[in-house]
Amino acid sequence: MSAVPAFYDVAIIGGGAVGCAIVHELTGRGLKTVLCEQNSQLVQEASAGNSGIVHTGFDATPSTIEHQCLEDARSLNKTIYNKYNLPFEDRGALLVAWNQDQMSKLPSLLKSAHNNGVTGARLISRDDLLRREPHLNPAALGAMMIPGELVVDPWLIPITLAHKAWRQGAKIMRDCKVLGGHLETGSHWLLETSRGPIKSRIVINCAGLQGDLVEAINQPSPFDIHPRKGQFAVFDQSAAHLLHSIILPVPTERTKGVLVFPSVYGNIVVGPTAEDQTARENPQVHPKVIDELVAYAHFVLPRLAEHPVVATYAGLRPATQTKDYHFILDRDRGWVTVGGIRSTGLSACLAIARRVANALPTSKPHITYPEQRPEMRRIADDTVEMDGVSYHLTHPLIRLGFPNKMAKL
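Quick notes on the rules
Residues numbered from 1 in each chain as written. Predicted model: local features only at pLDDT ≥ 70, side-chain atom pairs only at ≥ 80, totals over all residues. Heavy atoms only, no water. Helix = DSSP H or I, 4+ residues; strand = E, 2+ residues; numbered from the N terminus. Rg over C-alpha atoms; globule rule 2.2 N^0.38 Å. Contact = heavy atoms within 4.5 Å. Areas by Shrake-Rupley, 256 points an atom, 1.4 Å probe, with all protein chains shown as cover. Lys, Arg positive; Asp, Glu negative; His and termini not counted. Charge placed at Lys NZ, Arg CZ, Asp CG, Glu CD. Buried < 20%, exposed > 50% of the residue type's maximum accessible area, 1.4 Å probe, protein only. Pairing = 2+ DSSP bridges. Axes fitted to C-alpha atoms, helices over the stretch in contact; angles between N-to-C directions. Phe/Tyr/Trp six-rings, centres within 6.5 Å; stacked < 30°, edge-to-face > 60°. Lys NZ or Arg CZ within 6 Å of the ring centre and 35° of its normal. Expected span 1.5 Å × (residues − 1). Arc of directions from axis to C-beta.

Engineer: How do you make sense of the overall build of the protein when you look at a structure like this?
Structural biologist: Within the protein one finds 9 helices and 23 strands. Expected size for 409 residues packed as a compact globule is a radius of gyration near 22 Å; at 21 Å, the protein falls within 12% of this value. Dimensions of the protein along its principal axes, counting C-alpha atoms only, are 75 × 45 × 40 Å. Counting contacts in the protein only where the partners sit at least 6 residues apart, residues at least 24 apart contribute 72% of the total. Of the roughly 16,900 Å² of accessible surface on the protein, a fraction of 50% belongs to carbon and sulfur atoms. Taking the average location of the 41 positive side-chain charges in the protein and that of its 39 negative ones, the two points are 3 Å from each other.

Engineer: Help me understand the pairing of strand β14 (residues 246-249), please; the structure alone is not making it clear to me.
Structural biologist: Looking along a regular strand, one sees side chains alternate from face to face of the sheet. The side-chain alternation of β14 yields two buried faces, one formed by Ile 246 and Leu 248 and the other by Ile 247 and Pro 249. Note that strand β5 (residues 93-97) and β14 share 4 bridges and pair parallel. Its bridge partner lying in β14, Val 96 is registered against Pro 249.

Engineer: What exactly am I supposed to notice about the sheet that holds strand β21 (residues 377-380) here?
Structural biologist: The strands making up a sheet associate through backbone hydrogen bonding, with each pair oriented either parallel or antiparallel. The sheet built from 3 strands is open, its strands ordered β21-β22-β23 with antiparallel pairing. If you trace the sheet from one side to the other, it starts and ends with β21 and β23 (389-392), each paired once. Strand-to-strand twist across the sheet, computed as the mean angle between neighbouring axes with direction ignored, equals 35 degrees. With 3 bridges connecting them, β21 and strand β22 (residues 383-386) associate as antiparallel partners. Within β22, the residue paired with Ala 380 across the bridge is Thr 383. Most of the contacts of helix α5 (residues 156-167) go to β23, to which it runs at about 160 degrees, and overall it touches β22 and β23.

Engineer: So what exactly am I meant to see when it comes to the packing of aromatic side chains here?
Structural biologist: The description of two aromatic rings rests on the distance between their centres and on the angle between their planes. Summed over all chains, the structure comprises 5 aromatic pairs. Pairing Trp 98 with Phe 299 gives two aromatic rings, centres 4.8 Å apart and planes at 55 degrees, and the pair type is tilted. Here Trp 98 is found in the loop between β5 and α3 (100-115), whereas its partner Phe 299 is found in helix α7 (residues 287-300), with 201 residues between them in sequence. Exposure remark for Phe 299: the relative accessible area of 36% places this residue in the partly exposed category. Ring geometry for Trp 189 versus Trp 335: centroids 5.0 Å apart, planes at 55 degrees, classification tilted. Linking Trp 189 in strand β11 (residues 188-193) with Trp 335 in strand β20 (residues 335-339), this pair joins segments that are 146 residues apart in sequence. Classification of Trp 335 as buried rests on a relative accessible area of 1%. In this arrangement the basic side chain of Lys 164 is found over the ring face of Tyr 84, its NZ or CZ atom lying 4.3 Å from the centre. Positioned above the aromatic ring of Phe 327, the side-chain terminus of Arg 355 is 5.1 Å from the ring centre.

Engineer: Honestly, unusual backbone geometry in this entry has me stumped. Any pointers?
Structural biologist: Comment: phi is negative for the bulk of residues other than glycine, and the bulk of peptide bonds are trans. At the junction of Gly 271 and Pro 272, the peptide bond is cis and its omega measures out at -5 degrees in the coordinates. Looking at where Pro 272 falls in the secondary structure, it is placed in the loop between β16 (268-271) and β17 (275-276). One non-glycine residue with positive phi stands out, namely Asp 175, at about 55 degrees. Tracing the sequence through the fold places Asp 175 in the loop between β9 (171-173) and β10 (178-184). Here Asp 175 falls in the partly exposed class, since its relative accessible area comes to 45%.

Engineer: I tried to follow α7 on my own but got confused; where do I start?
Structural biologist: An ideal rise of 1.5 Å per residue puts 20 Å on 14 residues; α7 measures up with 20 Å between its terminal C-alpha atoms. Those residues of α7 not exposed but buried are Val 289, Ile 290, Leu 293, Val 294, Ala 297 and Val 300. In an axial view of α7, the angular spread of the buried residues amounts to 135 degrees, which keeps them on one side of the axis. Residues Pro 287, Lys 288 and Asp 291 are exposed on α7 and point more than 90 degrees away from its buried face. Packing partners of the buried residues in α7 comprise β13 (226-235), β14, β15 (259-262), β16, β17 and β18 (309-319).

And the structure:
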């Protein structure tokens, strides 16, 4: 006899930063939730290969959903990071001009930043720039200073959110690939998964790189995922004293460009690239590209040449044919889509979760999450345990610094 499927208020497909934030938010609003992640660990695929930078949205396109979420996230992020004792540093960013053409673009970028609510942004002179970053290449001509750009632990944030939801009754199902599904009579979904059937009143598709494929369960997908690879090189922590701020380039129409930035655990990192590809899995690092990244980092911070590269990694962003998020609310069929979250998923995930929750009104009583982060115990070089649940450190950047910092967290 077949097992009777468990019934949930909400089934969330995808256990990256956005999915973990959504399960935390909806469980906190009293909904019975299940999170389905096709991989053996949470925070894999796109969320395991980002920069660990939380952006203000100073350069977001006005009136887009992305802009609105980034604006809302500016107040939400620090509140949650402080509440749960999550590591972050407000390093701020310097958008540096290296030639006269780039210098000429700074006033319009400043105007955009102010229009986007980042009113503390301002232009600074070359002398001021080099006082702030004395190890920067003196070829720099000037910069725009952007306060509020953060470096964070991009793994611990979503893991903590998901774990807290689990402590309050959410079901977290790893190795649970959603294979199909249909809307049954009685207005609920029956999802077919690799771990058996699941019934849910509402389904939320936040499947990242698989988002358009999952969307086809409900409708022909209105967006197509075009994976965009970003490669990174990471320098030894001995170089930490060379840089305080996040160094941004003047952006292009297609990409924010290559950054040089400190990680929250003391490494200096260069990246990401922006390479379109068709494969949705297993992004590869290419030595020639890494050599180019390292050369660029040496140009920005010449004394980095005295310090070794200790790691490289690559990640994929779920780009689509448009530059905005795809937020689709199908009330009649009980399906919510959150797709095409390219490079700002970590930055905006808490606000995205709030936006989803506000679209799903419930009269159930909210719960109050305990403020402290659960205690962690290291059980292997790349694995920690919280409340008897083991979590693999999936993010390459965090595997370098996190184990050495556990005693301080």
